[in-house]
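Coordinate analysis (summary)
Residue-level listing of the chains:
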Amino acid sequence: MKEIIKNYLEEQCKIDPCLAAKYKDTLIGGCVDYITKMAKEELNGKNGYLENEVVYHWAREYFV
């Protein structure tokens, strides 16, 4: 998951100067931890599925 999120964010940085100014690839681990926390809250601790767009939103939110 870490590499997928990193690739997504780096692609988004090419088109979003605000994100590009705040993004640091050294913080991907913290971003993944944030996404995991948000997913657990969203799913109330149960197993389930989240749309990619939701996960990508959280990734962007972490940096912006």
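Since the model is a prediction, treat every value here as computed from it, not as a measurement. (Residues numbered from 1 in each chain as written. Predicted model: local features only at pLDDT ≥ 70, side-chain atom pairs only at ≥ 80, totals over all residues. Heavy atoms only, no water.)

**Notes on the environment of lysine 40**
Topologically, lysine 40 is positioned in helix H3 (residues 28-42). The exposure class assigned to lysine 40 is exposed, which follows from its relative accessible area of 56%. When the C-alpha atoms of lysine 40 and alanine 20 are compared, they prove to be 28 Å apart, with 20 residues separating the residues in sequence. (Helix = DSSP H or I, 4+ residues; strand = E, 2+ residues; numbered from the N terminus. Buried < 20%, exposed > 50% of the residue type's maximum accessible area, 1.4 Å probe, protein only.)

**Examining the state of the cysteines**
A complete count under the given rule lists zero disulfides for this structure. For cysteine 18, which is in no disulfide, the shortest distance to another cysteine sulfur is to cysteine 13 and amounts to 9.9 Å. Looking at the unpaired cysteine 31, the closest cysteine sulfur is the one in cysteine 13, lying at 11 Å. (Disulfide = S-S within 2.5 Å.)

**Considerations on the nonpolar core**
The biggest cluster of nonpolar side chains holds 17 residues, and the ones touching the most others in it are Ile5, Leu9, Cys31, Ile35 and Phe63. Elements supplying a minimum of two residues to this core: helix H1 (2-13), H3 and helix H4 (52-63). No other element matches the six residues that H3 contributes to this core. (Core = buried A, V, L, I, M, F, W, Y, C linked by side-chain atoms within 4.5 Å.)

**As for the packing of H3 against H4**
Interhelical geometry of H3 versus H4 gives an angle of 130 degrees and a closest axis separation of 9 Å. Relative to H4, the element H3 is oriented oblique. Taken as a pair, H3 and H4 cross one another with a handedness that is right-handed. Taking contact as the criterion, the partners of Ile28, Gly30, Cys31, Tyr34, Ile35, Met38, Ala39 and Glu42 in H3 are, on H4, Val55, Trp58, Ala59, Glu61, Tyr62 and Phe63. Of the residues belonging to the contact of H3 with H4, the class tally is 11 nonpolar, one polar and two charged. (Axes fitted to C-alpha atoms, helices over the stretch in contact; angles between N-to-C directions. Parallel < 35°, antiparallel > 145°, perpendicular 65-115°, else oblique. Left-handed = near helix turned anticlockwise from the far one by under 90°. Contact = heavy atoms within 4.5 Å. Nonpolar A, V, L, I, M, F, W, Y, C, P; charged D, E, K, R; others polar.)

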